[in-house]
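# An overview of the molecular structure
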Amino acid sequence: MAYVITDRCVDQKDQSCVEVCPVECIHPSLQFDGEDAFVASRQLYINPEICIDCGACEPACPVGAIMSEEDLSQEEQHFKELNRQFYDHFN
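Numbers given for residues are sequential positions, taken from 1 along each chain in its written order. Reporting of local features is limited, given that this is a predicted model, to residues whose pLDDT is at least 70; pairs of side-chain atoms are given and counted only at 80 or more, and all residues count toward the totals for whole chains, interfaces and linings. Water and hydrogen atoms play no part in the side-chain values, which are based on all heavy atoms of the structure.

## Some remarks on the nonpolar core
- Residues belong to one nonpolar core when they are buried, are Ala, Val, Leu, Ile, Met, Phe, Trp, Tyr or Cys, and are joined through side-chain atoms within 4.5 Å. Partly exposed describes any residue whose relative accessible area lies between the buried limit of under 20% and the exposed limit of over 50%, with all areas from a 1.4 Å probe on protein chains only and scaled to the type maximum. I5, C17, I26, L44, I46, C57 and I66 are the most contacted members of the largest nonpolar core, which has 17 residues in total.
- For this core, the secondary-structure elements that each account for two or more residues are β1 (3–5) and α1 (16–20).
- By definition in these notes, contact holds between two residues if any of their heavy atoms fall within 4.5 Å. The contact partners of L44, leaving out residues within four places of it in the chain, are I5, C9, K13, D14, Q15, C17, V18, I26, H27, P28 and F38. Only DSSP runs of H or I reaching four residues or more are called helices, and only runs of E reaching two or more are called strands; each is numbered from the N terminus.

This is the structure in structure tokens:
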């Protein structure tokens with residue numbers, strides 16, 4: 001199980017979650033990916049293959065965009081796939 005970033009992050013992209021993540025699994029970030037990658041994306045994403053389910057990111061998000069996969073509503077389930085798809089081009 002991993003944490004997931006939902007559409008509440010769209011056009012927000014607050015970096016608080018990136019700062020507290022101990023395994024650096026949230027991208028694109030200014031710190032790790034540079035300004036071009038950060039600006040090109042409308043939101044941040046959590047890599048489910050790297051996320052250790054520590055939960056540090058959830059309270060750090062000022063817009064409440066981060067949830068545990070198990071807490072997603074039926075309507076929010078597609079965000080698991082959206083987060084996963086963002087990282088598909090890296091593999």
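The rest of the description comes next.
## So, the side chain of S68
- Along the polypeptide, S68 turns up in strand β4 (residues 66–68).
- On the basis of relative accessible area, S68 is assigned to the buried category, the value being 4%.
- Setting aside anything within four residues of it in sequence, one finds S68 in contact with M1, A2, Y3 and E58.

## Observations concerning the environment of A37
- Relative to the elements of secondary structure, A37 occurs in helix α2 (residues 30–40).
- With 10 residues separating them in the primary sequence, A37 and H27 have C-alpha atoms 8.9 Å apart.

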